[in-house]
Amino acid sequence: MTSVISGRVLVAGGYGAVGSAVSAALGEWLPGRVVPGGRNAERAREHGGVRVDVTDPGGFRRVLEELGDVAAVVLCVEPPDVGIARACLENGVHLVDVGATPKLVRAVSGLHGKASAAGATGVLSVGVAPGLTNLLARRAHEAVGGAERLDLTVLLGSGERHGGDAVRWTVEGLAEPATARARRAFLPGHGTRTAHPFPFSDQHTLPHTLGVPDVTTRLCLDSRPLTAALFALRRAARTPSARRLLTAAFQRVHLGGDSFAIRADARNADRTSSHALTGNGQSRVTGLVAAHVTRALMAGTLPPGVHHIEELPSLAGLLETLAAEEAVALHPGS
Ligand SMILES: NC(=O)c1ccc[n+]([C@@H]2O[C@H](COP(=O)([O-])OP(=O)(O)OC[C@H]3O[C@@H](n4cnc5c(N)ncnc54)[C@H](OP(=O)(O)O)[C@@H]3O)[C@@H](O)[C@H]2O)c1
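Predicted, not measured: the structure shown is a model, and the values here were computed from it.

## Concerning empty space enclosed by the protein
Rolled over the atoms, a probe sized like a water molecule indicates the empty space that remains.
No. 1: One pass over the full model with this rule turns up one cavity of 30 Å³ or more.
No. 2: Taken as a whole, the largest cavity spans an internal volume of roughly 40 Å³.
No. 3: Around the largest cavity, the lining residues are Leu-75, Pro-79, Asp-81, Val-82, Ile-84, Ala-85, Asp-97, Leu-104 and Val-108.
No. 4: Secondary structure elements with two or more residues in the lining of the largest cavity: helix H4 (83-89) and helix H5 (102-109).
No. 5: Each residue belonging to the lining of the largest cavity can be placed in one class, and the counts come to seven nonpolar, no polar and two charged.

Printed below as a string of structure tokens:
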């Protein structure tokens, strides 16, 4: 795929767990055109990048002006609000966002009109969950001729060294009240597991993008005892001090492996379909998904406006591309 859009790609959070995979893959495809960014000026310089802070949209705009030729920003760290997305999309800078928080994802979707007017493309639901879950959901939905219900199950490896920002996000999610019941699902390589409702953004997006009225995403870890411990702490996680303790604990405990699995189950009356996928290193695979999306963007294959990954026809083959690269294994429909 050749790049028709000139200019550089700024990867915010570009030397974190997800961002370093994005910077490495894009560095091969767009040599000399990738700029990793983060708050620590020294670490950013060591990676050939610049200091940026996603909590400061004004400062972020100045960095874009100083760099002068940034065509796209890949957000690999969660900003507090829509300010960074606005600084990019309203000024014609494309955006790829790995964010998973429903409120923020919804707010960035709301910039569709302004992005289109500025000729900029924003891609949301990029990563494993959301991301690959959205693509699997679309397949299961189509296989039943339009689902009336979708159940998504995510299994994460508790032995993986997840990045600090991802651990903070998970502990914040734990504090949210559950809106559905736990459910048992078979996950290739892991057997039948109990997964618990968890606030991934995909379940809020898919009712709009696919028109499926009822979508729930659930989470479990590869370690059964850690899954039980995590969800037993749901109530305790409601206070900020407990969340700080839990975040510190989860950054230290590495029981289990680094494999992950996701599954989408669709139902339409008595028709059912399930599609699953497995892989190793969810941070690395999230980064690879973001790198592929950015490559497609720079090749000029994505339309202006803000879109979710499952809405973009030129990314429909991404699951097969990742399988061919042996980043994931597909376990197609039953
Ligand atoms: N869609 C998905 O499937 C998926 C999967 C995994 C993770 N994620 C999301 O990806 C994000 C990153 O996760 P991660 O595991 O890579 O975290 P991480 O390893 O902690 O990396 C975060 C990076 O961002 C930088 N950073 C932190 N705060 C910043 C700020 N205010 N401004 C600019 N840079 C900042 C950090 O460097 P400095 O400390 O030097 O700033 C670090 O390099 C999280 O928001 C997570 O929810 C999504």
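## Comments concerning the domain arrangement of the protein chain
When the parts come together, some accessible area is lost, and that loss is often what is quoted as the size of the interface.
No. 1: Domain boundaries assigned for the protein chain yield domain 1 (8-126 + 284-323) and domain 2 (128-282).
No. 2: Contacts between domain 1 and domain 2 engage 24 residues on the former and 27 residues on the latter.
No. 3: Summing the contributions of domain 1 and of domain 2, the shared interface buries around 2,000 Å²; its carbon and sulfur component is 59%.
No. 4: The largest share of the area that domain 1 buries against domain 2 comes from Ala-100, Glu-310 and Leu-319, three residues that together contribute 33% of it.
No. 5: On the surface where domain 1 and domain 2 come into contact, there are two salt bridges.
No. 6: Among the elements of the structure, H5, helix H12 (282-298) and helix H13 (318-324) are those that each provide at least two residues to the side of domain 1 that touches domain 2.
No. 7: By residue class, the composition of the side of domain 1 that touches domain 2 is 14 nonpolar, five polar and five charged.

## Side note on the sheet that holds strand E12 (residues 271-280)
No. 1: Spatial ordering of the open sheet is given by E8-E9-E10-E7-E11-E12-E14, a layout of seven strands whose pairing is mixed. The open sheet has two edge strands, strand E8 (183-187) and strand E14 (328-331), and neither has a second partner. For this sheet, the mean angle separating the axes of adjacent strands, direction not counted, is 25°.
No. 2: Direction of pairing for strand E7 (residues 149-156) relative to strand E11 (residues 259-268): antiparallel, over a ladder of seven bridges. From the neighbouring strand, Val-154 faces E11, where its bridge partner is Ile-262.
No. 3: Each of E7 and strand E10 (214-221) touches helix H9 (residues 202-209); the most contacted strand, E10, lies at about 155° to it.
No. 4: Where H12 meets the sheet, it contacts E7, E11, E12 and E14, and its direction lies at approximately 105° from that of E12.

## Here we look at the site of the ligand
No. 1: Among the 28 residues in the neighbourhood of the ligand, the closest are listed as Tyr-15, Val-18, Arg-39, Val-128 and Asp-165.
No. 2: Take Pro-130: an N or O atom from its main chain is 3.3 Å from a nitrogen atom of the ligand.
No. 3: Within the complex, 89% of the 920 Å² of free accessible area of the ligand lies under protein.
No. 4: For the shell around the ligand, the secondary structure elements donating two or more residues are helix H1 (17-29), helix H7 (128-143), helix H8 (164-174) and H12.
No. 5: Here the shell around the ligand gets four residues from one element, more than from any other, and that element is H8.
No. 6: Across the shell around the ligand, the residue classes tally to 14 nonpolar, ten polar and four charged.
No. 7: Two domains each put at least three residues into the shell around the ligand: domain 1 (8-126 + 284-323) and domain 2 (128-282).

Analysis parameters
Residues numbered from 1 in each chain as written. Predicted model: local features only at pLDDT ≥ 70, side-chain atom pairs only at ≥ 80, totals over all residues. Heavy atoms only, no water. 1 Å grid on protein atoms, 1.4 Å probe; cavity = no way out; pocket = protein on both sides within 12 Å on 5 of 7 lines; lining within 4 Å. Points joined across faces, edges and corners; volume = space filled by probe spheres on them. Helix = DSSP H or I, 4+ residues; strand = E, 2+ residues; numbered from the N terminus. Nonpolar A, V, L, I, M, F, W, Y, C, P; charged D, E, K, R; others polar. Domains from an automatic or database assignment. Contact = heavy atoms within 4.5 Å. Buried area = accessible area lost by both parts, 1.4 Å probe. Salt bridge = Lys/Arg side-chain N within 4 Å of Asp/Glu carboxyl O. Pairing = 2+ DSSP bridges. Axes fitted to C-alpha atoms, helices over the stretch in contact; angles between N-to-C directions. Near = heavy atom within 4 Å. Polar contact = N/O pair within 3.5 Å; in protein donor to acceptor, adjacent residues only side chain to side chain. Areas by Shrake-Rupley, 256 points an atom, 1.4 Å probe, with all protein chains shown as cover.

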